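Coordinate inspection notes
Spelled out, the chains give:
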Amino acid sequence: MNLSRPLILRLYGLATAGFGPFSGLLLGRRQRRGKEDPLRRPERVGIAGELRPEGPLCWLHGASVGESITLLPLAERLGAEGYQVLMTTGTVTSAALMARRLPAGAIHQFVPLDVPAFVRRFLRHWRPDLAVFLESEIWPTMVQETRAAGVALALVNGRMSLRSFARWRRAPRTIGALLGCFDLIAAQSEDDGERFKALGAPNVMISGNLKFDVPAPSADEAKLGELQAAIGARPLWLAAATHDGEEALAGEVHTALRGRFAGLLTLIIPRHPERGPAVAADLRAKGLEVGLRSEGAVPQADMEVYVADTVGEMGLFYRLARIVFVGKSLLGDGGQNPIEPAKLGAAVLHGPFVQNFLVAYGALDGMGGAIMVRSSEELTSAVARLLADPAETERVAEGGARAIASLTGALDRTMAALAALAKPAS
């Protein structure tokens, strides 16, 4: 045991090591809930499902779907620079998405649980030359074991919320020891950078937000044509990345407006697709005609609400809708990513709770590229105004495109910083 480590980290290491023999119980419970792939469970204890490719290897890690998408351009650029790329995530939905979206030759694995033996097994097999974690992925064992293995370690798109900052300030030696393991922290904003520095990070630079450089999500042209033909000229709007309660608000908006806009269609994409059947059931209980995409439904003439509870089709629906409400912002906590709909020409609506994307929403609101609403009544009014005035919708959409374009460049800055950490052999 390393007695120089802060007590909290020593206790954490002992606790997670003791948990190791019982990890199968947790993984089994998660598997029964659909949160683990039964064929790939060994990866969660550090047993690799693929051979390590020859050559220098960069390990990229992001928590879930949104984070893995953010890392895709970085994966492409690192591959072009001569690295083999290993991407790890922790969710079944992100694994399915990476199977379709990773660059040719890149490998996806599930990240091992934060247990010393599992992480060491993972590192012994993959032997990364460079490890890049995203945003706030500071798992104590993973960070310390990666450092102990002599791997160059970076945190990119680094984010430190005020809430996390206040919590970590109560354990300064612990967070200082963890941040000291990173050779580089590329922070999203000046505020994030200052918080990392105040907590003891030794090498901090401001890169901007990689999410602004992620290409707009693609769409299957055949599926897009099918949906466009089914919908025709019906007026429609989209409530995207919604969280519990926001789907009901979308239903209220539809009920309030269907008498004013003949044939109105409301599209809903729950942030967690597995909630789709429950969302549909709740809306049907309110007297709405609802179709569920996971059941193979397409929008019919008598269908009022279409719930798109599938993975990897955001680009499809962002191309259908010119008016998009972005969820986790009215009843949720922190907001979801508005960049993709703005890039694809939608007028963005959002609630007041957008602290997870302050820079993006600040730019959108400041350049007239988004409309903030504070209640279901204000959301109803905003949707009605945009449906009735296509010119206003276009004006907001153009403002959104300008705002996002003004914030790009983080990918180039991040790549330049990573180049100084580890160079693949020529």
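I will try to describe carefully the structure that is included in this document. (Residues numbered from 1 in each chain as written. Predicted model: local features only at pLDDT ≥ 70, side-chain atom pairs only at ≥ 80, totals over all residues. Heavy atoms only, no water.)

1. What about the packing of aromatic side chains?
Any pair of aromatic rings gets described here by the distance separating the centres and the angle formed by the planes. So the rule is basically this: Ring pairs shown here join Phe, Tyr and Trp side chains whose ring centres sit within 6.5 Å, with only the six-membered ring taken for Trp; geometry is labelled stacked below 30 degrees between planes, edge-to-face above 60, and tilted in between. Secondary structure follows DSSP: runs of H or I at least 4 residues long count as helices, runs of E at least 2 residues long count as strands, and numbering of each begins at the N terminus. The cut-offs for exposure are 20% and 50% of the maximum accessible area for each residue type, with area from a 1.4 Å probe on protein chains only; residues under the lower value are buried, those over the upper are exposed, and the others partly exposed.
Overall, the coordinates contain 4 aromatic pairs when judged by the stated rule. Between tryptophan 59 and phenylalanine 122 the ring centres are 4.8 Å apart and the planes differ by 55 degrees, which places this aromatic pair in the tilted class. On the criterion of sequence distance, the pair formed by tryptophan 59 in strand 1 (residues 57-61) and phenylalanine 122 in helix 5 (residues 116-126) is long-range, its members being 63 residues apart. Note on tryptophan 59: relative accessible area 0%, which makes it buried. Classification of phenylalanine 122 as buried rests on a relative accessible area of 2%. Relative to phenylalanine 182, the ring of phenylalanine 133 lies with its centre 6.3 Å away and its plane at 85 degrees, an arrangement referred to as edge-to-face. Of this pair, phenylalanine 133 sits in strand 4 (residues 130-134) while phenylalanine 182 sits in the loop between helix 8 (172-179) and strand 6 (184-187), and the two are 49 residues apart along the sequence. Within the aromatic cluster, the residues linked to one another by ring pairs are Trp59, Phe122, Phe133 and Phe182.

2. Structural notes on the pairing of strand 1
What counts here: Pairing between two strands requires that DSSP report at least two bridges joining them.
For strand 1, the tally of buried residues reaches 5 of 5 residues, placing the bulk of the element in the interior. Taking every second residue as pointing to the same face, both faces of strand 1 are buried, with Leu57, Trp59 and His61 on one and Cys58 and Leu60 on the other. Note: strand 1 against strand 2 (residues 84-89), 5 bridges, orientation parallel. Following the sheet pairing, histidine 61 is matched in strand 2 by threonine 88.

3. A word on the sheet that holds strand 1
Quick note on the threshold: To obtain each axis, a line is fitted to C-alpha atoms, and for helices this fit is confined to the stretch in contact; angles are then taken between N-to-C directions over 0 to 180 degrees.
Here 7 strands make up an open sheet; going across it, the order is 3-2-1-4-5-6-7 and the pairing parallel. On the outer flanks of this sheet lie strand 3 (107-110) and strand 7 (204-206), each paired with one strand and no other. Mean inter-strand twist for the sheet, computed between neighbouring axes without regard to direction, equals 20 degrees. Here 4 bridges tie strand 2 to strand 3, and the two strands are oriented parallel to one another. If you follow threonine 88 over to strand 3, its bridge partner there is glutamine 109.

4. Some points on the side chain of threonine 414
To keep things clear, this is the line we draw: By the convention used here, residues are in contact when the closest approach between their heavy atoms is within 4.5 Å.
Looking at where threonine 414 falls in the secondary structure, it is placed in helix 18 (residues 410-419). Filtering out sequence-adjacent residues up to four positions away, threonine 414 remains in contact with Leu74, Val156, Ser207 and Leu210.

5. Overview of a positive patch on the surface
Worth spelling out the cut-off: Exposure above 30% relative accessible area and no salt bridge define the residues that can form patches, which grow by joining like charges within 9 Å and nonpolar side chains of Val, Leu, Ile, Met, Phe, Trp and Tyr within 5 Å. Using a 1.4 Å probe, accessible areas were evaluated by the Shrake-Rupley method; residue-level cover was limited to the displayed protein chains. Any carboxyl oxygen of Asp or Glu within 4 Å of a side-chain nitrogen of Lys or Arg constitutes a salt bridge here. For the charge count, each Lys or Arg is scored as positive and each Asp or Glu as negative, with His and the chain ends excluded. We put the charge of a Lys on NZ, of an Arg on CZ, of an Asp on CG and of a Glu on CD.
A grouping of Arg29, Arg32, Arg33 and Lys35 is seen on the molecular surface, where their side chains present a positively charged patch. Inspection of the secondary structure assignment puts arginine 32 in helix 2 (residues 23-32).

6. A closer look at the pattern of salt bridges
Between side chains of opposite charge, pairing is possible as soon as their charged atoms come close. Following the criterion strictly, the structure yields 19 salt bridges and no others. Arginine 275 serves as the salt-bridge partner of glutamate 247, at 2.8 Å between the closest nitrogen and oxygen. Here the residue glutamate 247 occupies a position in helix 11 (residues 246-257), and arginine 275 occupies one in the loop between strand 9 (265-270) and helix 12 (276-285), the gap between them amounting to 28 residues. On the accessibility criterion, glutamate 247 (3% relative accessible area) is buried. The partner of arginine 395 in a salt bridge is glutamate 392, with the nearest N and O atoms 3.1 Å apart. Highlighted residues: arginine 395 and glutamate 392, both in helix 17 (residues 390-405), separated by 3 residues, approximately one helical turn. The exposure class of arginine 395 is partly exposed, given its relative accessible area of 43%. Looking at glutamate 392, the relative accessible area reads 19%, which means it is buried. One connected set of salt bridges, linked through shared partners, spans Arg30, Glu36 and Arg44.

7. Description of the packing of helix 16 (residues 376-388) against helix 17
Note the cut-off: Relative orientations are named as follows: roughly parallel for angles under 35 degrees, roughly antiparallel for angles over 145 degrees, roughly perpendicular for angles from 65 to 115 degrees, and oblique for any other angle. Gly counts as polar in this scheme, as do all residues outside two lists: the nonpolar Ala, Val, Leu, Ile, Met, Phe, Trp, Tyr, Cys and Pro, and the charged Asp, Glu, Lys and Arg.
Direction vectors running N to C along helix 16 and helix 17 enclose 110 degrees, while the axes themselves pass 5 Å from each other. As far as their axial angle goes, helix 17 and helix 16 are roughly perpendicular. Packed against helix 16, whose contacting residues are Arg385, Leu386, Leu387 and Ala388, the element helix 17 presents Pro390, Glu392, Thr393 and Val396 at the interface. Classifying every residue of the contact of helix 16 with helix 17 by side-chain character gives 5 nonpolar, 1 polar and 2 charged.

8. Examining the pairing of strand 5 (residues 152-158)
For the record, the criterion: Note on handedness: a crossover is taken as right-handed if, strands pointing away from the viewer, the path from the first strand over the helix to the second is clockwise.
Counting buried residues along strand 5, 7 of its 7 residues qualify, which places the element largely inside the surrounding structure. Bridge count between strand 4 and strand 5: 5 bridges; the pairing is parallel. Bridge assignment links leucine 130 to a residue of strand 5, and that residue is alanine 152. In this region the chain leaves strand 4, passes through helix 6 (residues 140-148) and returns to the parallel neighbour strand 5; the handedness of that crossover is right-handed. Alignment of strand 5 against strand 6, held across 3 bridges, turns out to be parallel.

Scope: geometric values only; no functional claims are made or implied.
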